[in-house]
Amino acid sequence: MTLSILAIVGARPNFMKVAPLAWAATKLEDVEVKIVHTGQHYDRNMSELFFEQLRIPKPVHNLGVGSGSHAVQTAEIMTRFEPVLLKEKPDLVLVVGDVNSTIACAMVATKLGFPVAHVEAGLRSFDRDMPEEINRVLTDSISDELFVTEQSGADNLRREGVPEDRVHFVGNVMIDTLLSCRDLANASDVLDRLGLEKRAYGVVTLHRPSNVDDPRTLAGIWRALSRISEEMPLVFPVHPRTRRRLSDAGLQPSDSMRLLEPVGYVDFLKLQADAGMILTDSGGIQEEATILGVPCLTLRRNTERPVTIEVGCNKLVGDDPETITREALAIVRGENPVRKVPKYWDGRAAERTIDILVERYGKD
Ligand code: UD1
Ligand code: UDP
């Protein structure tokens, strides 16, 4: 059986999802995964570093789209991807997650008649103010094969009328990557470099427009973080969007808050694994915290990943400074949840995905 897959990456959370799919494909003779990078993220520590650390094959094309409004960025990706797809003529196009690169390339592919597989399908926050929710709903509605990470994904797709035989509950490819990198992360000296002690610090990440683009909301969250850092020092690798917003708002870190540039995957995994708590609005980090068993407070009112709450490690705290502070201080006092592993988050999701694609799209 031969199968050629064109896999799309664009933004940071795409790299750790495509990596294990590429690893799984290389184990099979005659299955080829070529990577197209849209260039949505382009700083070295938002992109290239992940290719090196996760041994992702070098992209055959980088569309170099860069930043822009949603319309400009999505349109640029579409315009630049179309000739690439016509040149490469893969058996199928694989997209992951919920970023603008995901919907843009899925749309180009489906209109040109190429089958589309969506990995991490079916997740729903039911909040259409999130750009990612629009990307999820649209991508799922035009994809041929929908690979879901948790039961809620399958349930949502069923409710939306997607035929059963298109939906595959295979587990979480991001967790494949995490489990593969545990040893590397254990060997990281990032705690020593930052002078941190295991379980005696918290990790923060923030980048959702709803939290960082409104100066009042951001200032409220900042007040909460400053208060929490008095009880437990915080380390905060700052996303470029957030860096700009903090600077515009003139917000300075307290003495116990350490702001860093975004860090590479391996160091970040170590920082998460040894943290006393995680405060985040990231999608993927809620899942990683679940597997690592580290208490996670999600600074959002909803999550498209409900299993992370059901199994106990993740809690929604919204953007209210009082609530964030109260919940974080409860964790500092040791009121911590128990850890369970969601179904199929076992390190083999990428293998299952590739097997299904070979069975359905492989050629004799
Ligand atoms: C994007 C995704 C979001 C995902 C996040 C992961 C969409 C709609 N959003 O949000 O779902 O959770 O990535 O990190 O696709 N910038 C840089 N350097 C970079 C990349 C971005 O400086 O390498 C700055 C630019 O000022 C840019 C801003 O960050 O305007 C936002 O980047 P963009 O890719 O548009 O959205 P994200 O907020 O990163
Ligand atoms: N991550 C990282 N370095 C950082 C922050 C995050 O390697 O400084 C990783 C994190 O471990 C997870 C992924 O980036 O694998 C999550 O991406 P992000 O939060 O940017 O996007 P989201 O998941 O919200 O779409």
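Attention in this report is confined to the structure presented alongside it. If you're wondering where the values come from, they're calculated on a predicted model, not measured in any experiment.

### A look at the packing of aromatic side chains
One pass over the full model with this rule turns up 4 aromatic pairs. Arranged with centres 6.1 Å apart and planes meeting at 50°, the rings of Trp 222 and Phe 236 form a pair that is tilted. On the criterion of sequence distance, the pair formed by Trp 222 in helix 11 (residues 215–231) and Phe 236 in strand 9 (residues 234–237) is long-range, its members being 14 residues apart. For the residue pair Trp 222 and Phe 236, the accessibility class agrees, reading buried in each case. Here the aromatic residues Phe 15, Phe 50 and Phe 51 are joined through ring pairs into a cluster of three or more.

### Here's the deal with the sheet that holds strand 10 (residues 257–260)
Sheet strands pair by backbone hydrogen bonding; their relative direction is either parallel or antiparallel. An order of 10-9-8-11-12-13 is seen for the 6 strands of this open sheet, with the pairing classed as parallel. Every interior strand has two partners, whereas the edge strands, strand 10 and strand 13 (314–316), have only one. Sheet twist, expressed as the average angle between the axes of neighbouring strands with direction ignored, equals 20°. Most of the contacts of helix 13 (residues 265–273) go to strand 8 (residues 202–205), to which it runs at about 130°, and overall it touches strand 8, strand 9 and strand 11 (277–280).

### Section: the packing of helix 13 against helix 14 (residues 283–292)
If you want to describe how two helices pack, look at the angle between their axes and the distance between the axes. Contact geometry for helix 13 and helix 14: axes closest at 10 Å, N-to-C directions at 55°. Viewed along their axes, helix 13 and helix 14 adopt a mutual orientation that is oblique. The two elements helix 13 and helix 14 meet at a crossing, and its hand is right-handed. Residue-level inspection shows Tyr 265, Phe 268, Leu 269, Gln 272 and Ala 273 of helix 13 in contact with helix 14, the latter providing Ile 285, Glu 288, Ala 289 and Leu 292. A class-by-class count of the residues in the contact of helix 13 with helix 14 yields 7 nonpolar, 1 polar and 1 charged.

### Some details on the sheet that holds strand 5 (residues 116–119)
Overall, parallel pairing links the 7 strands, which are arranged 3-2-1-4-5-6-7 in an open sheet. Strands at the two margins of the open sheet, each flanked by one partner only, are strand 3 (61–62) and strand 7 (167–169). For strand 6 (residues 145–148) and strand 7, the ladder comprises 3 bridges, and the chain directions are parallel. Each bridged residue has a counterpart across the sheet, and for Leu 146 the counterpart in strand 7 is Val 167. Helix 3 (residues 70–88) contacts strand 1 (3–9), strand 2 (31–37), strand 3 and strand 4 (92–96) of the sheet and is inclined by roughly 165° relative to strand 1.

### Here's the deal with helix 13
With 9 of its 9 residues buried, helix 13 lies for the most part within the structure. Of the residues making up helix 13, those classed as buried are Tyr 265, Val 266, Asp 267, Phe 268, Leu 269, Lys 270, Leu 271, Gln 272 and Ala 273.

Conventions adopted
Residues numbered from 1 in each chain as written. Chains lettered and ligands numbered in written order. Predicted model: local features only at pLDDT ≥ 70, side-chain atom pairs only at ≥ 80, totals over all residues. Heavy atoms only, no water. Phe/Tyr/Trp six-rings, centres within 6.5 Å; stacked < 30°, edge-to-face > 60°. Helix = DSSP H or I, 4+ residues; strand = E, 2+ residues; numbered from the N terminus. Buried < 20%, exposed > 50% of the residue type's maximum accessible area, 1.4 Å probe, protein only. Pairing = 2+ DSSP bridges. Axes fitted to C-alpha atoms, helices over the stretch in contact; angles between N-to-C directions. Contact = heavy atoms within 4.5 Å. Parallel < 35°, antiparallel > 145°, perpendicular 65-115°, else oblique. Left-handed = near helix turned anticlockwise from the far one by under 90°. Nonpolar A, V, L, I, M, F, W, Y, C, P; charged D, E, K, R; others polar.

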